[in-house]
Amino acid sequence: MEDGMEHSSGTEDGMSERSGAGSRGTLGVAVIGTGRMGADHVRRIDEVISGARVAAVVDIDAARVKRLADGIEGCTPYTDPAAAMDDPAVDAVLIASPGPAHEAALLEAFARDLPVLCEKPLTPDAASALRVLEAEQALGHRRVQVGFMRRYDADYRSLKSLLSQGTYGRPLMLHNRHRNADTPPGFTNAMMINDSVVHEIDVTRWLLDDEITAVRVLRPAPTGNAPEGLSDPQLVLFETAGGQVVDTEIFVNCGFGYQVSCEAVCEGGTARIGDDRGVFSNTAGRWGGAIPPGFVERFEDAYDRQVQLWVNATRRGEVEGPSCWDGYAAAAVCEAGVRAQATGERVTVELVERPAMYR
Ligand code: ISE
């Protein structure tokens, strides 16, 4: 991309000249990857988010991307992320392609100094995440918000503020439950860490404001409902630098719905989120409520808030939310987790020193 640097002249406030921030005009977003999450983000930006529009959609499936673009005014279809980023109507990039494609797309965005919202994972392993971290530092300013969307869920935000205000004293432990009704074909043991537990890795680091230093994984006798070879459920244990212990039940073929909860055990009490959501009913001799079928329904508001706050910050010329450091740290913990899962051993997490830009 020879002309990349033409666009990389960040202004004094660190904003790209194309980022829409100068004029505070509508942010033209290129959505890269139009699978389940990407298509949902296209709909979200088109129908829910204010201050932004879908200016380009990118996918290797040319027919699919054309169909999507045809339904949105002023939206151009592309099969090449770099070509979409060269479109003058594009001020910012939302990366929702498969994880292995993220590094290349992020580097293209950096070359043009474009603001990015990157779906998790930042990249699939710690070495590539570190390369992205270094490339962003070379720009001299943050450009990326990583899509750890649980930080935008109202319940998690309430828990975070209780912990930050010290309402229940010092946190000692977290108990997490993460259940999916079932898994898509091809879901592996490693994906239980990299795709699923990665959320608990991020919320642990965020809620406790500390790094995870070691991981252990216990594998009880599996459910008969899991596909052959999948060790489901599993119990994942983290230790933090400050000495807290965090457990996560990951059960991805529980059969009954999508359930995520987190209980913080503190010196002065406990606080728990995620148990009872929505309408509570009494009927036909039973009480209770509904369990959402999947993460899109359970975290719909969180996804909306995540994208709206990214758009708002970008239009102000700012970058907020989970950073490339958070993406890198999560990737390093995932690597340790996959090793712990395979070996049954306690695996320590190796991190480089946190660069000044991310402190
Ligand atoms: C998926 O990628 C997610 O992000 C969901 O939140 C998680 O529950 C699921 O297990 C993952 O596969």
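This text follows the structure it describes.
Remember, it's a predicted structure, so these values are computed and weren't measured experimentally.

## Focus on the sheet that holds strand E9 (residues 234-240)
Okay, so step 1: Pairing is mixed in the open sheet, where seven strands are placed in the order E12-E11-E7-E10-E9-E8-E15. Each of the sheet's edge strands pairs with one partner strand only, and the pair in question is strand E12 (269-273) and strand E15 (347-348).
Okay, so step 2: Across six bridges, the pairing between E9 and strand E10 (residues 245-251) is antiparallel. Paired with Val236 across the bridge in E10 is Thr248.

## Concerning a nonpolar patch on the surface
Okay, so step 1: On the surface, Leu172, Met173 and Val245 cluster together to form a nonpolar patch covering roughly 210 Å² of accessible area.
Okay, so step 2: Within the secondary structure, Leu172 sits in strand E7 (residues 171-179).

## Thoughts on the pairing of E7
Okay, so step 1: When E7 meets strand E11 (residues 259-266), the two strands line up antiparallel, connected through eight bridges. Residue Asn176 lies in a different strand from E11, and its bridge partner there is Cys262.
Okay, so step 2: One ladder, built from seven bridges, connects E7 with E10; its direction is parallel. If you follow Asn176 over to E10, its bridge partner there is Thr248.

## Side note on the packing of aromatic side chains
Okay, so step 1: Per the counting criterion, the structure on display carries four aromatic pairs.
Okay, so step 2: Between Tyr258 and Phe299, the ring centres sit 6.2 Å apart and the planes meet at 85 degrees, which makes this aromatic pair edge-to-face. Separated by 41 residues along the polypeptide, Tyr258 in the loop between E10 and E11 and Phe299 in the loop between helix H8 (295-298) and helix H9 (300-316) bring together distant segments of the chain. Taken individually, Tyr258 and Phe299 each receive the classification buried, so the pair is uniform in this respect.
Okay, so step 3: Relative to Trp287, the ring of Phe280 has its centre 5.7 Å away and its plane inclined at 25 degrees; by these criteria the two rings are stacked. Each of the two residues, Phe280 as well as Trp287, counts as exposed.

## Comments concerning the sheet that holds strand E2 (residues 52-58)
Okay, so step 1: Strand order in the open sheet formed by six strands is E3-E2-E1-E4-E5-E6, and the pairing between neighbours is parallel. Unpaired on one side and paired on the other, strand E3 (76-78) and strand E6 (144-147) mark the two borders of the sheet. Between one strand and the next, the sheet's axes are offset by a mean angle of 25 degrees, whatever the strand orientation.
Okay, so step 2: Of the pairings in the sheet, the one linking strand E1 (residues 27-32) to E2 comprises six bridges and is parallel in character. Considered in E2, the bridge of Gly28 is made with Arg53.
Okay, so step 3: Where helix H1 (residues 36-47) meets the sheet, its contacts fall on E1, E2, strand E4 (92-95) and strand E5 (116-119), and the angle it forms with E2 comes to roughly 150 degrees.

## Focus on the packing of helix H4 (residues 102-111) against helix H5 (residues 126-139)
Okay, so step 1: Where H4 contacts H5, the two axes come as close as 10 Å, and the packing angle between them is 5 degrees. Comparing their axes, H5 and H4 come out roughly parallel. Contacts between H4 and H5 involve Glu103, Leu106, Leu107 and Phe110 from the first element and Ser128, Arg131, Val132, Ala135, Glu136 and Leu139 from the second.
Okay, so step 2: Among the residues making up the contact of H4 with H5, the classes are represented as six nonpolar, one polar and three charged.

Reading guide: rules and limits
Residues numbered from 1 in each chain as written. Predicted model: local features only at pLDDT ≥ 70, side-chain atom pairs only at ≥ 80, totals over all residues. Heavy atoms only, no water. Pairing = 2+ DSSP bridges. Helix = DSSP H or I, 4+ residues; strand = E, 2+ residues; numbered from the N terminus. Patch = residues over 30% accessible without salt bridge, like charges linked within 9 Å, V, L, I, M, F, W, Y side chains within 5 Å. Areas by Shrake-Rupley, 256 points an atom, 1.4 Å probe, with all protein chains shown as cover. Salt bridge = Lys/Arg side-chain N within 4 Å of Asp/Glu carboxyl O. Phe/Tyr/Trp six-rings, centres within 6.5 Å; stacked < 30°, edge-to-face > 60°. Buried < 20%, exposed > 50% of the residue type's maximum accessible area, 1.4 Å probe, protein only. Axes fitted to C-alpha atoms, helices over the stretch in contact; angles between N-to-C directions. Contact = heavy atoms within 4.5 Å. Parallel < 35°, antiparallel > 145°, perpendicular 65-115°, else oblique. Nonpolar A, V, L, I, M, F, W, Y, C, P; charged D, E, K, R; others polar.

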